[in-house]
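# Structural features, examined
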Protein chains: 2
Amino acid sequence: VILTVTPNPALDVTYRVPGLTPGETMRVDPPASRAGGKGVNVARVARQAGYESRAVLTAGGRRGAELEQDLAAGGIPCTIVPVDGETRSTTTLADPVADTATVLAESGSALSAAECDRLRLAVRRDLAGAACLTVSGSLPPGMDPALPAELVGDARRAGVPAIADVVGRALQLACEAGADAVKPNRRELAETTGLADPLAGAARLLDLGAGVVFVSLGPEGLLAVSRERRLHARLPAPVRGNPTGAGDAVVAAIATAWSDGVHELPELLRRATAWSAAAVLSPLAGELDPAFRDVEPGVLVRDA
Amino acid sequence: VILTVTPNPALDVTYRVPGLTPGETMRVDPPASRAGGKGVNVARVARQAGYESRAVLTAGGRRGAELEQDLAAGGIPCTIVPVDGETRSTTTLADPVADTATVLAESGSALSAAECDRLRLAVRRDLAGAACLTVSGSLPPGMDPALPAELVGDARRAGVPAIADVVGRALQLACEAGADAVKPNRRELAETTGLADPLAGAARLLDLGAGVVFVSLGPEGLLAVSRERRLHARLPAPVRGNPTGAGDAVVAAIATAWSDGVHELPELLRRATAWSAAAVLSPLAGELDPAFRDVEPGVLVRDA
């Protein structure tokens, strides 16, 4: 089981707004609402690729109830930690005319100390039998940035490899806790380390204690940096589509590869790059284009 | 009791988005959600001005439940007709930097024939003891445009004066049913009658059977046209603010004036113009600036 943790999930609400014009009144169809958050996307992608997954997340208020119902309807196994604060929503105004997505991202509700404890306890319980733990996305306002690192520590003590897709202080602490992999994008890595060069930034995170540092470079591909190797993977030609969720597909690819016993960096990179491209080709975050298996053999990997 | 009918209510959701920029991701605070729809605003305004009111409306799904809860929390007496379809929402992106409001308006869910019957029956029951009936706003998709006219007919048979704030075919039919007042704005009147001149358009609606035609002209004031008089009211100086809900304040002003036994057009116009200005000065639709009583003596009324 790929166990994914989403400390700050969101109800993703998408309006289709052809010709979005500030200051105008526009007629729109009812929005599509969907359980979201990076860890939820990781669980969805792993499941779509044929792996068992379980999403651990908090839910509160009306939007929490809607999120829970959507996960149940989608058949995504999950462990819900009920919380008092209202689950946030992320509202996307997708404009098919301008080909833009305008995103209104709420920061979420703070968790109480007791709620944080319950989240950690829920993860610890579910670690029994897990093949990999992933912790993804932003933290609710005021949450101790050590929480992802604590989850990484719990996983390591349980003999379960852990991937952290978090940023800033939480990323530094997760590295210090010995995360087996971390996956910042280029901007997040630069913001966390203060180093503009991705290879230098990755080296810094290795120094802190990370096992492998994957750096997503968007259309330019994916870096993997370990103490032994520095590799760069890319597609023969870039794909166009919706980049939201591409990073989550990378995390799902690494987690599932590890659960298959695959640990060689070139193989990990091939799967991660292929799934990332398949996520871009799929209109919805948390889903892969069905051709994702066909993309893998074409991925180009060379030394960085 | 001022009885207001809202055939197509909405949950009004307002995000504050300083510097709304299409194509960008913006951090936002959780939105404010509020029961909305023109008839609901009329009931709120009447109540704020010290009159008993009751809102009759449909509610369905999650957003219907949220709307119902907000009305209960606000102490607005209401008669809810439960329906299967999800209540629509109207999402406003208020940009305090550009001073614009971008509105995403859903058209709403269709009602079944049985649901339309139940709405009409609910209104008929509540007409006992009503001082005035108002029917306001758009109709759900597919609703027979005769429904507002039927409600006007029911009111007249019950000896209750009726105001229709609807457009197009529904407005024509409401006039034919003998609505005591109608209140299109200039654009709605032109669209309904095909006549660009508001006085000519108002005359057309009188010919159809309306008692008085009030035409809101935005910052240019308010017309009142009856078979006897044509009057124009305006403020000494225009006010700036949020025009949403100004028309509902006009309807509330007429309804409450009638319930006070006030029927002279100049007095109706003074109250309606003052309340409309107070609605513009208030940031929320369905609320009056507390100074609304002080504005009334300054309103200028002359022959149009």
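The sections below set out a description of the structure shown in this document. (Residues numbered from 1 in each chain as written. Chains lettered and ligands numbered in written order. Predicted model: local features only at pLDDT ≥ 70, side-chain atom pairs only at ≥ 80, totals over all residues. Heavy atoms only, no water.)

## Brief notes about the overall build of chain A
- A tally of helices and strands in chain A yields 10 helices and 15 strands.
- On C-alpha atoms alone, chain A measures out to a radius of gyration of 18 Å, which is about the 19 Å that the 2.2 N^0.38 rule sets for 304 residues.
- Over its C-alpha atoms, taken along the principal directions, chain A stretches across nearly 55 × 45 × 40 Å.
- Among the 304 residues that make up chain A, the fraction classed as buried is 55%.
- A sequence separation of at least 24 residues applies to 68% of the contacts in chain A between residues at least 6 apart.
- By element, 50% of the accessible surface of chain A is carried by carbon and sulfur atoms, the whole surface being about 12,300 Å². (Helix = DSSP H or I, 4+ residues; strand = E, 2+ residues; numbered from the N terminus. Rg over C-alpha atoms; globule rule 2.2 N^0.38 Å. Buried < 20%, exposed > 50% of the residue type's maximum accessible area, 1.4 Å probe, protein only. Contact = heavy atoms within 4.5 Å. Areas by Shrake-Rupley, 256 points an atom, 1.4 Å probe, with all protein chains shown as cover.)

## A look at the relation of the copies chain B and chain A
- Between chain B and chain A, the superposition needs a rotation of 179° and an axial shift of 0.0 Å, giving an RMSD of 0.0 Å. With respect to symmetry, the two chain copies, as superposed, fit the operation of a two-fold axis.
- Comparing interface residues between copies, 100% of those in chain B also lie at the interface in chain A; the contact surface is shared. (Least-squares fit on C-alpha atoms with pLDDT ≥ 70 in both.)

## Quick notes on the packing of aromatic side chains
Residues and elements named next belong to chain A.
- Across all of its chains, the model carries 2 aromatic pairs over all chains by this definition.
- Ring centres of Trp275 and Phe292 lie 5.6 Å apart, and the angle between their planes is 85°; on these two criteria the pair is classed as edge-to-face. One end of the pair, Trp275, is in helix 9 (residues 265-281); the other, Phe292, is in helix 10 (residues 292-295), and 17 residues separate them in sequence. Here Trp275 matches Phe292 in class, with each residue buried. (Phe/Tyr/Trp six-rings, centres within 6.5 Å; stacked < 30°, edge-to-face > 60°.)

## With respect to the pairing of strand 5 (residues 53-59) of chain A
All names here are of chain A.
- Along strand 5, 6 of the 7 residues are buried, which leaves the element largely enclosed by surrounding structure.
- In terms of strand pairing, strand 5 meets strand 6 (residues 78-82) through 5 bridges, oriented parallel. Bridge pairing links Thr58 to Val81 in strand 6.
- With helix 2 (residues 61-73) bridging strand 5 and the parallel strand 6, this β-α-β connection has right-handed handedness. (Pairing = 2+ DSSP bridges. Right-handed = clockwise from strand over helix to strand, strands pointing away.)

## Some details on the side chain of B:Asn41
- With respect to the secondary-structure elements, B:Asn41 resides in helix 1 (residues 38-48).
- B:Asn41 has contacts with B:Gly245, B:Asp248, B:Ala285 and B:Gly286, leaving out every residue within four places of it along the chain.

## Details of the side chain of A:Asp248
Residues and elements named next belong to chain A.
- Among the structural elements, Asp248 can be located in helix 8 (residues 246-259).
- For Asp248, a relative accessible area of 3% corresponds to the buried category.
- In this structure, Asp248 is in contact with Lys38, Asn41, Val42 and Asp165, ignoring residues within four places of it in sequence.

## Considerations on the sheet that holds strand 8 (residues 100-106) of chain B
- Taking strand neighbours across the sheet as the criterion, the 5 strands line up as 3(A)-8(B)-7(B)-2(B)-4(B) in an open arrangement whose pairing is mixed. At either end of the open sheet lies a strand with only one pairing partner, and these are strand 3 (25-28) of chain A together with strand 4 (32-36) of chain B. This sheet shows a mean twist of 20° between the axes of neighbouring strands, independent of strand direction.
- Pairing between strand 3 of chain A and strand 8 of chain B: 4 bridges, direction parallel. Bridge pairing in strand 8 of chain B links A:Val28 to B:Glu106. (Axes fitted to C-alpha atoms, helices over the stretch in contact; angles between N-to-C directions.)

## Focus on the interface of chain B and chain A
- Contacts between the two partners involve 30 residues from chain B and, on the opposite side, 30 residues from chain A.
- It is B:Arg27, B:Arg62 and B:Leu104 that lose the most area in chain B upon contact with chain A, and together they represent 24% of the buried surface on that side.
- For the pair chain B and chain A, the interface holds 2 salt bridges.
- Summed over the shared surface of chain B and chain A, the result is 20 residue pairs in polar contact (both at pLDDT 80 or more).
- Residue assignment for the side of chain B that touches chain A shows that the elements contributing at least two residues are strand 3 (25-28), helix 2 (61-73), strand 7 (88-95) and strand 8 of chain B. (Buried area = accessible area lost by both parts, 1.4 Å probe. Salt bridge = Lys/Arg side-chain N within 4 Å of Asp/Glu carboxyl O. Polar contact = N/O pair within 3.5 Å; in protein donor to acceptor, adjacent residues only side chain to side chain.)

## Details of the pattern of salt bridges
Residue and element names in this part refer to chain A.
- Per the counting criterion, the structure on display carries 32 salt bridges over all chains.
- Note that Arg63 is salt-bridged to Glu106, the shortest N-O span being 3.1 Å. Separated by 43 residues along the polypeptide, Arg63 in helix 2 and Glu106 in strand 8 (residues 100-106) bring together distant segments of the chain.
- Judged by relative accessible area, Arg63 falls into the buried class, the value being 16%.
- Among the ionic contacts, a cluster of salt bridges with common partners joins Arg120, Arg124, Glu150, Asp154 and Arg157.

## Looking at the environment of A:Thr14
Residues and elements named next belong to chain A.
- Inspection of the secondary structure puts Thr14 in strand 2 (residues 10-16).
- When the C-alpha positions of Thr14 and Thr91 are compared, they lie 5.7 Å apart, and in sequence the two are 77 residues distant.
- Ignoring any residue separated from it by four or fewer positions in sequence, one finds Thr14 in contact with Pro31, Ala32, Thr92 and Ala94.

## Some points on helix 6 (residues 186-193) of chain A
Residues and elements named next belong to chain A.
- Residues Glu188, Leu189, Thr192 and Thr193 constitute the buried set of helix 6. Burial along helix 6 is one-sided: seen end-on, the buried residues are contained in an arc of 115°.
- Contacts made by the buried residues of helix 6 are with helix 5 (168-176), helix 7 (198-208) and strand 12 (212-216).
- Capping the start of helix 6, Asn185 holds a side-chain oxygen 3.1 Å from the backbone nitrogen of Arg187, two or three residues further along.
- Backbone geometry just after helix 6 places Gly194 at a positive phi near 75°. (Arc of directions from axis to C-beta.)

## Structural notes on unusual backbone geometry
Residue and element names in this part refer to chain A.
- Positive phi, close to 60°, is recorded for Asp99, a residue that is not glycine.
- Position of Asp99 among the secondary structure elements: in the loop between strand 7 (88-95) and strand 8.
- Taking relative accessible area as the criterion, Asp99 reaches 58% and is therefore assigned exposed.

## Examining the sheet that holds strand 14 (residues 230-234) of chain A
Residue and element names in this part refer to chain A.
- Spatial strand order, 6-5-1-9-10-11-12-13-14-15: 10 strands in an open sheet with mixed pairing. Whereas interior strands pair on both sides, the edge strands pair on one side only; in this sheet they are strand 6 and strand 15 (300-303).
- As paired strands, strand 13 (residues 222-225) and strand 14 are joined by 4 bridges and run antiparallel to one another. Counterpart to Leu222 in the pairing with strand 14 is Ala233.
- Across the sheet, helix 1 (residues 38-48) is in contact with strand 1 (2-6), strand 5, strand 9 (132-136) and strand 10 (162-165); its angle to strand 1 comes to roughly 160°.

## Examining the packing of helix 6 of chain A against helix 7 of chain A
Residue and element names in this part refer to chain A.
- Where helix 6 contacts helix 7, the axes come no closer than 9 Å and their chain directions differ by 60°. Classified by the angle between their axes, helix 6 and helix 7 sit oblique to one another. As helix 6 runs across helix 7, the sense of the crossing is left-handed. Facing helix 6, whose interface residues are Arg186, Leu189 and Thr193, helix 7 presents Pro198, Gly201, Ala202, Arg204 and Leu205.
- For the contact of helix 6 with helix 7, a count of residues per class yields 4 nonpolar, 2 polar and 2 charged. (Parallel < 35°, antiparallel > 145°, perpendicular 65-115°, else oblique. Left-handed = near helix turned anticlockwise from the far one by under 90°. Nonpolar A, V, L, I, M, F, W, Y, C, P; charged D, E, K, R; others polar.)

## With respect to helix 4 (residues 147-157) of chain B
All names here are of chain B.
- Of all 11 residues making up helix 4, 8 are buried, and the element is well covered by its neighbours.
- Along helix 4, the residues that are buried comprise Leu147, Pro148, Ala149, Leu151, Val152, Gly153, Asp154 and Ala155.
- Packing partners of the buried residues in helix 4 comprise strand 1 (2-6), helix 3 (113-126), strand 9 (132-136), strand 10 (162-165) and helix 5 (168-176).
- In the segment just after helix 4, Gly159 is the residue with positive phi, at about 75°.

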